[in-house]
Structure formats: structure tokens, C-alpha cells
Amino acid sequence: MNLNLRNIIKPYPSPIITGRGIDLDFPMLAGCLALLGLGLVMITSASSEVAAVQSGNTLYMMIRHLVYLVIGIGACIVTMMIPIATWQRLGWLMLIGAFGLLVMVILPGIGREVNGSMRWIGFGAFNVQPSEIAKVFVVIYLAGYLVRRQKEVRESWMGFFKPFIVLLPMAGLLLMEPDFGATVVMMGAAAAMLFLGGVGLFRFTLMVVLAVAAVTILVQAQPYRMARLITFTDPWSDQFGSGYQLTQALIAFGRGEWLGVGLGNSVQKQFYLPEAHTDFVFSVLAEELGVVGSLCTVALFVFVCVRGMYIGLWAEKAKQYFAAYVAYGLSFLWIGQFLINIGVNVGLLPTKGLTLPFLSYGGSSLVICCACLGLLLRIEWESRTHLGSEEMEFSESDFAEEPTHGR
């Protein structure tokens, strides 16, 4: 029996495995790499004082962040090598996996409690945050549902309500951690995907009204949420109590002025501002780089998020609807986290424990963001070349010609 070993071990074609070299959406890649690089610099600066006290090494947090960054780059490469059709087939398994992780994290002895919340599963020196994984798996599952039930979603109430049979229990598990911010981001991205999937304006408006009512009830149901809301409206009324974190963040913005106090010269990171290297890294950035640096960072985020939406639009024009919905969903996840984190930092929203994509210290968030980038790069490549589906036959000539970038 004559076996062709080269055909057996040959991987699927991907943006990084072609006969013409690396074939990526370089604007998207450059934008995300710029954010990753800026994040590494800011984590090094914002965490130096905390790291020195906790470990005796000012670079301790930076080294851990760098390890997560290497893992994230590896995750990005792996996701770029997997055909989008494979993700579509595995949608149900991912949904089951998401539920399994969210159940595990609230079980005593498995979940790890930090600051009163059971949001992490510990693996030695590392913590995994299941909510970050679950949000992406929900996007992939919902994208598959919108493709399978497109007509039903657009024309019937049942097609509109069916996804909530899955989404509401998952939101309940997130609230049990509790992780109100992740719940809002996940449900917001799902609502946006349903709207882009063709849900009628009346049904979508009804969904928005119900969502606002649900958020109002959830806020009033827990005293700590009401306290955060009251603090958010007037943090200076209790600046050394419940309003301490927000007032210190606002002081950081005030100290930064137009050009900042200089990289590494933040005063607020010296134990005045809690969580300076995680949820409030943007405040330290504003203090050290000023309004100019802050606006440039926001511009980078806007570019990356808009580029992600365009990748979805290009996939939709290429009639790759599952890929399009995934791109839209991932972009909305980034947009939601970006808006909430920045809003919290500048005092426009109540304090929530959500990281800033690509910038904040946090292994799960960073790795998942990099994996999402890999998915978006894969989607862009497949929509542009029409060679990404594993159902298609390939030959060497498919990858011999020079690519034609019209984007």
C-alpha cells in the first residue's frame, strides 16, 4: 500500500500556510499588535509598585503578562489554522462546554474566590476565567443558529425567542458568580447579532425594553449594585468610602492633563488607585500619557472594532453567513467591553469588573482576545480567497498566484 505521507500530515490551508507566504489582513493585525504592545508597556508601569510589594520584583506582573501574551499569540496562530466550517460544526459542543465551565466555577472546591466573586478556576499558579471563554462560545453557537434558522428568525416569534432558552440560563449562571458586567456584554452582543440576523424592528424593540427592565430589576435586587449606582452618580459624597476607586481614577485623569506626567511617573498607581493594572489601567494611561495618549488609544480601539465589523460585512458579501455573524459577534464583544471599561474609568458608568481588551492585565482575557483576533483573520482570509472551506478541493496552483488586496 502506497501512502502519501505529505498529504496525510499536510494541514488545512490557512493565512499563514500558503505557497505565497503569509497572507493576512495586515491593517487588523497591526492595530491589535499596537494595542498588545501598549498594554505590555502600561502593565509594566502600572503594576510596578504592587509587584514590588507582593513579590519583591517590580517586573513580576510584566513577566506574567508576557507569558500570557506568548500563550495568546499561540492561540491566535492555532485559531487561524482551523477552518471556519469546523467551528460551525462544533457549535453545539462549545455551547455544552460553556455551560459546563460556568457550572464548575460556582462549585465549592473548584471555583476560586477573589474579592467576593467566584469567577476563576485555579490551575496551579494560573487562573482561568470561564466567562471569557463562554462569551465566545455563545457567539459561535448563535451564529450557527442564525444560519440554520434564518427564515424562522426573521418571520416568527418562536425563531426569535428560541435563542433565549439558551441565553437566559447562561446569564443566570454568570449572575451567580456574580459577574454582572460579563452578562451585559454577552446579552448585548447576542441582541446585536439577532438584529443583524434580520429580527424585525418591533421584536427587537420589545427585546430592548425587556432587557432594560431586567437590568433595572437586577440592580435593585442586590444592595451592592444599588450602592455602586448611587456612588457613580456622586462619588465625591463618599470619596474615602464607596466612591474611593472612582474618585482616584478621576484624579488620575486630572493629573494627566494634555500630555501626561510621563511614562512611569504615575502617582495614582502607588496604592492610591485599586486595581490599577487590571480594570483601571486606562486611568493610569491617561495620567502618564495625557489626553493625547488617551485619544490615540481610543482611536486604535475604534479602528480595530470597525475593522472587525467590516470583516463581517466582507464575509456576508461573499455569502459566508456563519463567518459574518461570528465576526459581528466578536466585534460586539470587544465594543461592549471597551465601552463599559472606558465608561467606568471616566465615571460615565457604575464600577464593574471588566477588563479592557488587549490592554488590561488578565490571562484569560488576553488569551481569548488573541484567539478572537485569529478567528477574525481567518474569516477575512476565507472571504477574500474563497479557499478557506474544507469542503473545497485545493491544489498547489490555488496558492501560487500573488494575492490581490482590495481592502
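Residues numbered from 1 in each chain as written. Predicted model: local features only at pLDDT ≥ 70, side-chain atom pairs only at ≥ 80, totals over all residues. Heavy atoms only, no water.

A. Structural view of the overall build of the protein chain. Looking only at helices and strands, the protein chain has 16 helices and 3 strands in total. Within the span of the protein chain, comprising 407 residues, buried residues form 50% of the whole. Pairs at least 24 residues apart make up 69% of the contacts formed inside the protein chain by residues separated by at least 6 positions. Surface exposure of the protein chain reaches about 18500 Å², of which carbon and sulfur atoms provide 68%. (Helix = DSSP H or I, 4+ residues; strand = E, 2+ residues; numbered from the N terminus. Buried < 20%, exposed > 50% of the residue type's maximum accessible area, 1.4 Å probe, protein only. Contact = heavy atoms within 4.5 Å. Areas by Shrake-Rupley, 256 points an atom, 1.4 Å probe, with all protein chains shown as cover.)

B. Structural context of the side chain of Thr247. With respect to the helices, strands and loops of the structure, Thr247 is situated in helix α13 (residues 244–256). Looking at Thr247, its side chain comes within polar contact range of the main-chain oxygen of Tyr244, at 2.8 Å. Those residues in contact with Thr247 that lie beyond four places of it in its chain are Pro235, Trp236 and Gln239. (Polar contact = N/O pair within 3.5 Å; in protein donor to acceptor, adjacent residues only side chain to side chain.)

C. Region of interest: the packing of aromatic side chains. What the rule picks out here adds up to 11 aromatic pairs. Note on Tyr310 and Trp314: the rings are 6.0 Å apart at their centroids and 40° apart in plane angle, and the pair reads as tilted. Taken together, the residues Tyr310 and Trp314, both in helix α14 (residues 281–317) and 4 residues apart, mark about one turn of the helix. Residue classification places Tyr310 among the partly exposed residues on the basis of a relative accessible area of 44%. (Phe/Tyr/Trp six-rings, centres within 6.5 Å; stacked < 30°, edge-to-face > 60°.)

D. Structural context of the sheet that holds strand β1 (residues 111–114). Strand order in the open sheet formed by 3 strands is β1-β2-β3, and the pairing between neighbours is antiparallel. Taken across any chain shown, the strands that pair with only one partner, and hence form the sheet edges, are β1 and β3 (126–128). Neighbour-to-neighbour, the strand axes of this sheet turn through a mean angle of 55°, independent of strand direction. Where β1 and strand β2 (residues 117–123) come together, 4 bridges link them in antiparallel fashion. Paired with Gly111 across the two strands is Ile121, which belongs to β2. (Pairing = 2+ DSSP bridges. Axes fitted to C-alpha atoms, helices over the stretch in contact; angles between N-to-C directions.)

E. Summary view of α13. Here α13 is 13 residues long and its end C-alpha atoms lie 19 Å apart, about the 18 Å a rise of 1.5 Å per residue gives. Regarding α13, the residues found buried are Gln245, Leu246, Thr247, Gln248, Ala249, Ala252 and Gly256. Just downstream of α13, Glu257 is the residue with a positive phi angle, here 50°. (Expected span 1.5 Å × (residues − 1).)

F. Quick look at the pattern of salt bridges. Applying the stated criterion across every chain yields a total of 9 salt bridges. Across the pair Arg384 and Asp23 runs a salt bridge, and its minimum N-O distance is 3.1 Å. Of the two residues, Arg384 sits in helix α16 (residues 363–385) while Asp23 sits in the loop between α1 (5–9) and α2 (26–46), which places them 361 residues apart along the sequence. Given a relative accessible area of 15%, Arg384 falls into the buried group. (Salt bridge = Lys/Arg side-chain N within 4 Å of Asp/Glu carboxyl O.)

G. Spatial organisation of the side chain of Glu380. Note that Glu380 resides in helix α16. On the basis of relative accessible area, Glu380 is assigned to the buried category, the value being 1%. Among the polar contacts listed, one links the side chain of Glu380 to the side chain of Arg384, at a separation of 2.8 Å.

H. Inspection of the nonpolar core at higher detail. If you look at the biggest cluster of nonpolar residues, it comprises 97 residues, and the most contacted ones within it are Met28, Leu330, Trp334 and Leu359. Sorting elements by how many residues they give to this core places helix α15 (residues 321–346) first, with 14 residues. Apart from residues no more than four positions distant in its own chain, Leu359 is found in contact with Leu35, Leu38, Gly39, Ile43, His65, Val281, Leu285, Thr297 and Phe301. (Core = buried A, V, L, I, M, F, W, Y, C linked by side-chain atoms within 4.5 Å.)

I. Up close: a nonpolar patch on the surface. Among the surface-exposed residues, Leu59, Ile63, Val67, Ile71 and Phe126 lie close enough to one another that they form a single nonpolar patch of about 390 Å² accessible area. Here the nonpolar patch gets 3 residues from one element, more than from any other, and that element is helix α4 (residues 60–81). Relative to the helices and strands, Leu59 resides in the loop between α3 (48–55) and α4. The class for Leu59 is partly exposed, based on a relative accessible area of 37%. (Patch = residues over 30% accessible without salt bridge, like charges linked within 9 Å, V, L, I, M, F, W, Y side chains within 5 Å.)

J. Highlighting unusual backbone geometry. For the bond running from Glu177 to Pro178, omega is -5°, close enough to zero to count as cis. Within the secondary structure, Pro178 sits in the loop between α9 (157–176) and α10 (180–196). Positive phi, close to 70°, is recorded for Phe271, a residue that is not glycine. Take Phe271: it is sitting in the loop between α13 and α14. Positive phi outside glycine occurs at Lys319, with the angle close to 65°. Relative to the helices and strands, Lys319 resides in the loop between α14 and α15. Overall, the relative accessible area of 61% leaves Lys319 in the exposed class.

K. Fine view of the environment of Leu356. Here Leu356 is to be found in the loop between α15 and α16. The residues contacting Leu356, other than those within four sequence positions of it, are Phe282, Phe301, Phe338, Asn341 and Ile342.

L. The environment of Met80, seen in detail. By the secondary structure assignment, Met80 is in helix α4. Take Met80: its relative accessible area is 4%, and that puts it in the buried class. Distance from Met80 to Leu377, taken between C-alpha atoms, is 6.6 Å for residues 297 residues apart in sequence. When neighbours within four sequence positions are excluded, Met80 is seen to be in contact with Ser14, Pro15, Ile16, Leu24, Gly374, Leu377 and Arg378.

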